[in-house]
Structures are given as structure tokens and as C-alpha cells.
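# An overview of the molecular structure
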Amino acid sequence: MTLTVTDLAIARGGIPVLEGLTFTLEPGQALILRGPNGAGKTTLLRTLAGLQQPLAGRIDGAEDRIAYAGHSDGLKPTLSVTENLTFWASVFGGRDIGPALEAFRLGDLADRHAGNLSAGQKRRLGLSRLLVTGRPIWMLDEPTVSLDREAVAMFAGAVRTHLAQGGSALIATHIDLGLDGTILDVGPYKAKPVLDSDFDGGFL
Amino acid sequence: MIALLKRDLVLALRAGGGFGLGLAFFLIVTVLVPFSVGPQSALLGTIAPGVLWLGALLACLLSLDRLLALDWEDGTLDLLATAPLPLESVVTIKALAHWLATGLPLVLAAPVLGVLLNLPGPGFLWMVISLALGTPALSVIGTFGAALTVGLKRGGLLLSLLVLPLYVPTLIYGAEVARRGAEGMTVATPLMMLAGISAAVIALLPFASAAVLRVNLR
């Protein structure tokens, strides 16, 4: 099923950042989000993931199909790698964590506490969570932060496998992942500044 | 849901999880009261139900600020909000985990501490019953407060100010059950009020907590 976004307008902190955004994300397709800092990439991903409401427009085919990975990985430092991953696997329906550990080469770290991992290792663990969710659409916000070159290749491989299995991905990133994805530059959709007459709106 | 409960309990027991913190606080408060009141066992016995209830309430309050704040800081709340679990059940499970890690130990410790305060004989049973009925309400109301203040840096003090007034009815009827029980009077009316408050709060507040959490996650 395709994710269709029609004439979407989104706001951050009550201020509109993007408007008139229309695109589709087909199964097997990767869409790379580009745009300068503060352009609204994170806000767009959070809106699509259902964490906030759009100002206007329609999002079709997103309900319960999105695996979101934001700036933080949602790891508990006092739980081991396996415990962290098993928790998310059981929240999302109890998939086997073996393939996820293997895809991000976390097997050797399986019994370590997440608090003792390096930043890159934590990120790899955070990304491996996507594999245990079993959700078809990945929404990734700067997934390669603190990853080394080898780990970036590992991640790109995981995305390729996901796409080959009929999944899709929307990735906000500034580096070239070597994926043959379509590039979506959010720059042209920048919202025009409006005089805010609805003062209370910012609080609601 | 079971996975979330299990994880929260494991986290509470691991290093820095705060299990036993409330219990230790409860212990210290009740040990300090006889020191400050002086050696008047009759007076101590009279105020024991109230002191135990107040101590339990403050001990519950102590661990509230980490109830949701830690999950907010490391991004877990965002991920839970996009997970198949409804937020209503997330906050209910969180409250249940808080009660199991904080409230239940307080209930079990109360009779032991009652001895320190010279609690009259018939009061022990009613002390335990009133705390067992009342502390779940404290956890659920506390979860609501934690949901309101999630995302605020150092929101702990504000959380206490928001939650303490909401604790008043539970405290009044809970301490009343314990006091009447200790004096050998009939406890039916305050006991039913206490049970009613707990039942209503458990049934309704998770919806409010989930709603404010959705607003705070934006």
C-alpha cells in the first residue's frame, strides 16, 4: 500500500514551517529528504508518524504502518542489548531478534548493558529496532549520526533488504547513502510567514 | 503490555532504578517522628495513623518525577506513542509498575513501622487495608501529574505542587479509615469513600493522562 501525502501543511511550535507538500511513497521506494537545518524535516517525519497533527492536508496509508526512528534511540542504559531489543520486539508483536542483531553485527555485544556502548553502537542498536517492528514504512531522522563508514554501509544494506522485501523508507539525511532513492527537497515548500492572529493557537 | 510492565519493573530493580527509595524515605520519616514528638507513647499512638498515611503519601510522591521523564528524555515515549499500544494502556501500565515498585512495599512495611509509632492493636489491619486501597489511587494520580509535566526540565517541584492537592481526598479518607480502625470504631463509610475514589481515579484518569501526554509529545 502506498503512502500518499496531499497538500500537507505542518507547524513547529505553532509556526508553520512547510505547506503544500504533496508526494507518494510506493512500496520498494526510498525517498531521501533534503533541506537546510530548520527546514522542517524532523517535523514532517513526526507528523507522518502521527506524533503531531498536521495544520492542513491529508496523509493516507500511514496508520499503524510506520516505524519511526528519531534523534534518540529509546534505549535503557541499564538493560542489555538483548533486553532492549526483546522489549521492542514484544511491543511490536514478538518477532525474533536474531536477524536484527545479525544485520547490525550486534551479536558480540548482546549481553552488554546499553549504557556501556559507544555512540555508534547505540545507534546501531537503535536502528536494529526497525527490523523487529515488522512495519513496512521506515521514517528515519538522521539515521547515520555517529555511525562509522562501515556501519553506514551496514545500514544502507539493511535499507536495501527492506526495500527489496516491499518495504519503503523516508530518510532525512545529509550524506549520500548510495541508495537509488528519489530525492525530495523540502526547501521549495517553505511556509510563508503569517501574522499570527490566533494567539491561543500556540498553546493548543 | 506485559513486556512494558516487566521492563519497568526490571528497570526499577536495576542500578539507579529507585526501587526501595520510597520505602527508605517512609522508614526514615516514621523513625524521625518519635524523635520529634518525644517519649509520649499515648500521643504517638493517637497520631500514628495520620503520620503513616502522610509518610506513605510523600514516599509515593518521591519517585513520580522519573515515572515518565526518563522515558521522555531517551526517546522511548515517542517510540511507544508510535507503537501498537494505545497510550491509555501505556500510562496504566506505568502507574501499575509504579504501584508495584513503590506503593506495594509501603503497604507491606506499614505494620512494621506501626510498631515504632505505637499504633494501637486493632489499627494494624485497617492501616494495611486503607493503604492497599489508597496507594493505587496515589500512583494513578501521580502518573497524571507526571504526564502533565513531562518535557519540562526540572519539573519535579511543579509536579509535587500539582499532585499534592489532588491527593487530599485520598489522604482524608485513607487516614480516617486507619484512625477509626485504630480506635475500634466502624470504618464502613470512609472505607467505601476511599474505595470509590480509587476506583473512579483508576477508571478515568488514564484517559486524561494519555490526552495530556499526546499534547506534550507534539
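Residues numbered from 1 in each chain as written. Chains lettered and ligands numbered in written order. Predicted model: local features only at pLDDT ≥ 70, side-chain atom pairs only at ≥ 80, totals over all residues. Heavy atoms only, no water.

### Notes on the environment of F25 of chain B
All names here are of chain B.
- With respect to the helices and strands, F25 occurs in helix 2 (residues 21-37).
- Assessed through its relative accessible area of 28%, F25 is described here as partly exposed.
- Residues F25 and C60, spaced 35 residues apart in sequence, show a C-alpha to C-alpha distance of 9.5 Å.
- Residues in contact with F25, not counting those within four places in the same chain, are G55, L58, A59 and L62. (Helix = DSSP H or I, 4+ residues; strand = E, 2+ residues; numbered from the N terminus. Buried < 20%, exposed > 50% of the residue type's maximum accessible area, 1.4 Å probe, protein only. Contact = heavy atoms within 4.5 Å.)

### Quick word on the pattern of salt bridges
- Following the criterion strictly, the structure yields 16 salt bridges over all chains and no others.
- The residue R46 of chain A makes a salt bridge to D78 of chain B at a minimum N-O spacing of 2.8 Å. Placement of the pair is R46 of chain A in helix 1 (residues 41-48) and D78 of chain B in helix 5 (residues 76-81), with the two residues belonging to separate chains.
- On the basis of relative accessibility, which here comes to 12%, the residue R46 of chain A falls in the buried class.
- Close ionic contact of D60 of chain A with R58 of chain A constitutes a salt bridge, the shortest N to O distance being 2.7 Å.
- Each of K76 of chain A together with R7, D8, D71, D74 and K94 of chain B takes part in a single network of salt bridges with overlapping partners. (Salt bridge = Lys/Arg side-chain N within 4 Å of Asp/Glu carboxyl O.)

### Some remarks on the UniProt feature "transmembrane region" (unreviewed entry) in chain B
Residue and element names in this part refer to chain B.
- What UniProt calls "transmembrane region" (unreviewed entry) maps, in this numbering, to residues 12-37, 43-64, 96-117, 123-150, 157-175 and 187-213.
- Annotation note: span residues 123-150, helix share 96%, strand share 0%, distance between end C-alpha atoms 38 Å.
- Here residues 187-213 is 96% helix and 0% strand, with 38 Å between the C-alpha atoms at its ends. (UniProt positions renumbered as here; feature names shortened; annotations may be inferred.)

### Here's the deal with the sheet that holds strand 8 (residues 182-185) of chain A
All names here are of chain A.
- Pairing is parallel in the open sheet, where 5 strands are placed in the order 5-6-7-3-8. The open sheet has two edge strands with one neighbour each: strand 5 (66-69) and strand 8. Strand-to-strand twist of the sheet, defined as the mean angle between neighbouring strand axes without regard to direction, takes the value 15°.
- Note: strand 6 (residues 137-141) against strand 7 (residues 168-172), 5 bridges, orientation parallel. Of the residues in strand 7, the one forming a bridge with L140 is I171.
- Contacting strand 3 (30-34), strand 5, strand 6 and strand 7, helix 1 runs over the sheet at an angle of about 150° to strand 6.
- Running over the sheet, helix 5 (residues 149-164) touches strand 3, strand 6 and strand 7 and is turned about 145° from strand 7. (Pairing = 2+ DSSP bridges. Axes fitted to C-alpha atoms, helices over the stretch in contact; angles between N-to-C directions.)

### Topic: the sheet that holds strand 4 (residues 56-60) of chain A
Residue and element names in this part refer to chain A.
- Read across the sheet, 3 strands follow the order 2-1-4 without closing on themselves; strand pairing throughout is antiparallel. On the outer flanks of this sheet lie strand 2 (15-25) and strand 4, each paired with one strand and no other. Each neighbouring strand pair of the sheet contributes to a mean axis angle of 25°, computed without reference to strand direction.
- Together, strand 1 (3-12), strand 2 and strand 4 form the strand contacts of helix 1, whose direction differs from that of strand 1 by roughly 120°.

### Quick look at the domain arrangement of chain A
Residues and elements named next belong to chain A.
- Domain boundaries assigned for chain A yield domain 1 (1-65 + 136-191) and domain 2 (74-134).
- Measuring from the centre of the C-alpha atoms in domain 1 to the corresponding centre in domain 2 gives 23 Å.
- Contact residues are listed per partner, giving 14 residues for domain 1 and 11 residues for domain 2.
- Between domain 1 and domain 2, roughly 1,000 Å² of surface is buried when both sides are summed, and carbon and sulfur atoms account for 70% of that area.
- In this structure, the connection of domain 1 to domain 2 is made through 1 salt bridge.
- Close ionic contact of E150 with R105 constitutes a salt bridge, the shortest N to O distance being 2.8 Å. (Domains from an automatic or database assignment. Buried area = accessible area lost by both parts, 1.4 Å probe.)

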